[in-house]
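Analysis of the macromolecular model
Below, each chain spelled out in residue letters.
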Amino acid sequence: MIILDDIFFELSVRNVRLHFLRSLLAAIGIVIGVVAITSIGILGANMTQSVTADLSANGNVIMLSPQGGGFFSDDDDYISQKQLAKIEKTVGTENLVIAIYSDSDKITVGSEEGRASIYALDMDVLKNLVEVETGDYPTSLTSVVVGPSLAERYKLKVGSRIKIGDKDKEDPKQTTVRVSGILKERGMSMDLSSDNAIITMEKWFTNRYGDEGKYDQVNIVVADINAIDDLVDKLDHALNYRKDEVRIMDSGSLIESISATIGIIIAFMSAIGAISLLVAAVSIFNVMLMSVTERIKEIGILRSIGTRRSEIRRMFLYESAILGIIGSTLGAVFSLIGSFLLTYLMLNTTEYFFTMQSLIQIPYGILIGIVICVISGVYPAWKASNMDPIEALRAD
Amino acid sequence: MTEEPVIKLENVTKIYVLPTDQVTALNNVSLEIYKGEFVAIMGQSGSGKSTLLNQIGCLDVPTSGKLYIDGNDVSLLNDDQLTDLRRDKIGYIFQQFNLIPLLNLRENVEYPLILKTKKRDTTGYPEKLLEMVGLGTSRIMHKPKEISGGQQQRVAIARALVNDPTIILCDEPTGNLDSKTSIQVMEMLKDLNNQGRTIVMVTHDEETAAYAKRQILFSDGEIIEERFNDNS
Ligand SMILES: Nc1ncnc2c1ncn2[C@@H]1O[C@H](COP(=O)(O)OP(=O)(O)O)[C@@H](O)[C@H]1O
Ligand SMILES: [Mg+2]
């Protein structure tokens, strides 16, 4: 090892050791900075991977929603029966078309009140999508199925009653439904997010909220994932030929946009991490200037007996690199532990922790920490090397 | 004499420019010093002795005039070349000893050798030099601040010799020593001179100057008197 054998490296090591406490304090800034950026990077990588995995399990869904619906828009804010017919004709029978009525309403279970999403769809389609965990699919107009998360929150069982609507309101009046079944957990899903919803029969829904034949959302589960792009084009042609009436999204492009959003959040948090690195750079700069100032005489001696400017420079750059290596290595250890805990707390899983994308952040963090220290040492090293040897010798 | 001088000054002037005025520290000095000489530069404080030694030691360059060190015109050299000249041709002995505090005694002597060869010493030469100046092997792992001034100056002499320099420069070498150790250090320098080393020494002390064969008296940046001393 040529560096370890270098007398200037030896001098730097000894100087760091001589001022061990001060050096350690200066390195703490780098430790914090490296922990910040590395943990954020690791958390981001884990987030991206787990979201992507969740979403790509649902990569075969096309989502159609009304284009209009804005307050000042006179476009329709629903998908009509006619449009649904076109959709069904376009996608054929091999793909499952899910036409959904959706709303949200106030609910009361016993003494507990809250709000919930209420969906209605064809019961045959529902049977195709979700199984019931306990109980059965609704058979009467006033029976509903509920998602497992909602059931847990309101302690619902088969046979429980839910009052839907506001008891002080006349239209629509508060009405009671009975839970006939609790659905299986589905996790993140694109075709129907049923875990937190109440699902009713279509007839009950349109009786209560009106708008029969005006769907809020139509989702298509595509049998052959490779046919998605083609189907999207065909649907676009069929529905939006004259005018953009229906917004068509496939889950693949949604995954991309969610990943991009996560990317922005991570970049923002990294910027905060970068600020802590900047603060660290200032403290390294400070300690290096201090080191140069108190060694002026020594620099004069070294120069007068034949040490070149570049060698003096090297000596101080080694010193800041050593501070960087100490700080970054400590930072790497802490961020390994810290980000493991952080990932577990935030994502409830460390499934993606020991992956390349996740752990690569650690060497990146170390490298950035060291580079920042070395850069912080450039000016002090330059100052040391450009001192006049005679002046420096006179110092005390 | 057909031999070339190892130090040659031709009309060397050194002017320090200050914000308000300028100081002529050396005024048109011409001087030749040959191999094997032992020269004492004398004069009152502020007369320009240190300035002269700094020029010869290549720590600084003259404002005008020519200075040759072992035949090299220093005005033609850049900073790295001047540095290498100091390393290879000059052995410096300071009043303050000026050992490197982070290095132990052996490493202090080895240091200029590492600068020159770019590698650690494996020949044991630094140890040999330390033994020669009277510091046995027992102390060589100590740091400079752990030994006395006289011992530090011996280490400094060993360090000055390690690259086999053409010239040894001493700036008040006994200025920080008591009279007993002063004599020991001066005897050592005299021995070195007897072995053929060229020594240029700045001193204001008559007894120290008496060891030199040639004495040059400075005043206001000019040589005002020169004496040759045969009884040393
Ligand atoms: N770096 C400097 N800047 C300005 N003046 C200086 C500098 N170095 C020396 N001088 C001046 O030059 C003159 C000679 O100084 P010096 O060579 O140190 O004298 P000596 O060593 O004989 O005491 C003095 O007047 C001193 O003040
Ligand atoms: Mg002086």
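Criteria and thresholds
Residues numbered from 1 in each chain as written. Chains lettered and ligands numbered in written order. Predicted model: local features only at pLDDT ≥ 70, side-chain atom pairs only at ≥ 80, totals over all residues. Heavy atoms only, no water. Near = heavy atom within 4 Å. Polar contact = N/O pair within 3.5 Å; in protein donor to acceptor, adjacent residues only side chain to side chain. Helix = DSSP H or I, 4+ residues; strand = E, 2+ residues; numbered from the N terminus. Patch = residues over 30% accessible without salt bridge, like charges linked within 9 Å, V, L, I, M, F, W, Y side chains within 5 Å. Areas by Shrake-Rupley, 256 points an atom, 1.4 Å probe, with all protein chains shown as cover. Salt bridge = Lys/Arg side-chain N within 4 Å of Asp/Glu carboxyl O. pLDDT = per-residue confidence, 0-100. Pairing = 2+ DSSP bridges. Contact = heavy atoms within 4.5 Å. Axes fitted to C-alpha atoms, helices over the stretch in contact; angles between N-to-C directions. Phe/Tyr/Trp six-rings, centres within 6.5 Å; stacked < 30°, edge-to-face > 60°. Buried < 20%, exposed > 50% of the residue type's maximum accessible area, 1.4 Å probe, protein only. Buried area = accessible area lost by both parts, 1.4 Å probe.

Near ligand 1 there are 14 residues, and of these G46, G48, K49, S50 and T51 of chain B occur at the shortest range. Chains contributing residues near ligand 1 are chains A and B. In this structure, S47 of chain B approaches ligand 1 through a main-chain N or O atom, which is 3.2 Å from an oxygen atom. In the environment of ligand 1, an oxygen atom lies 2.8 Å from a nitrogen or oxygen atom belonging to the side chain of S50 of chain B. At three residues, the largest contribution of residues to the shell around ligand 1 is made by helix α1 (residues 49–56) of chain B.

Looking now at a nonpolar patch on the surface. Residues and elements named next belong to chain A. Together, F20, L24, L330, V333, F334, L336, I337 and L341 make up an exposed nonpolar region whose accessible area comes to about 720 Å². For the nonpolar patch, the elements supplying multiple residues, two or more each, are α2 (20–56) and α10 (309–347). One can find I337 in helix α10.

Right, let's get into the confidence of the model for chain B. Residues and elements named next belong to chain B. Mean pLDDT over chain B works out to 93, with 98% of the residues at or above the 70 mark. Here helix α7 (residues 206–209) is the element of chain B with the lowest mean pLDDT, 92, and strand β8 (residues 198–202) is the one with the highest, 97. Quick note on the complex model: pTM equals 0.76, ipTM equals 0.95.

Another point: the sheet that holds strand β4 (residues 64–69) of chain B. Residues and elements named next belong to chain B. Reading across the sheet, the four strands line up as β2-β1-β4-β5 and stay open at both edges, with antiparallel pairing between neighbours. Edge positions in the open sheet fall to β2 (22–33) and β5 (72–73), since each of these has one partner strand only. Taken together, the eight bridges between strand β1 (residues 7–17) and β2 define a ladder with antiparallel strand orientation. Within β2, the residue paired with V17 across the bridge is Q22. The strands that α1 touches are β1, β2 and β4; relative to β1, the one it contacts most, it runs at about 120°.

Let us look at the packing of aromatic side chains. Across all of its chains, the model carries 12 aromatic pairs over all chains by this definition. Between the aromatic rings of F8 of chain A and Y111 of chain B, the centroid separation amounts to 6.3 Å while the plane-to-plane angle is 85°, which identifies the pairing as edge-to-face. One end of the pair, F8 of chain A, is in helix α1 (residues 7–18); the other, Y111 of chain B, is in helix α3 (residues 105–117), on a second chain. Pair check on accessibility: F8 of chain A and Y111 of chain B agree, each one buried. Centre to centre, the rings of F9 of chain A and Y318 of chain A are 5.3 Å apart; their planes meet at 90°, and the pair counts as edge-to-face. Remark: Y318 of chain A occurs in helix α10 and F9 of chain A occurs in helix α1; sequence separation between them is 309 residues.

At the junction of the two partners, chain B supplies 27 residues and chain A supplies 26 residues. Where chain B abuts chain A, roughly 2400 Å² becomes buried across the two surfaces, and 58% of that area is made up of carbon and sulfur atoms. It is L102, Y111 and R120 of chain B that lose the most area in chain B upon contact with chain A, and together they represent 26% of the buried surface on that side. Where chain B meets chain A, there are six salt bridges. Between R14 of chain A and E107 of chain B there is a salt bridge, with the nearest N and O atoms lying 2.6 Å from each other. The tally of links from chain B across to chain A stands at 13 residue pairs in polar contact (both at pLDDT 80 or more).

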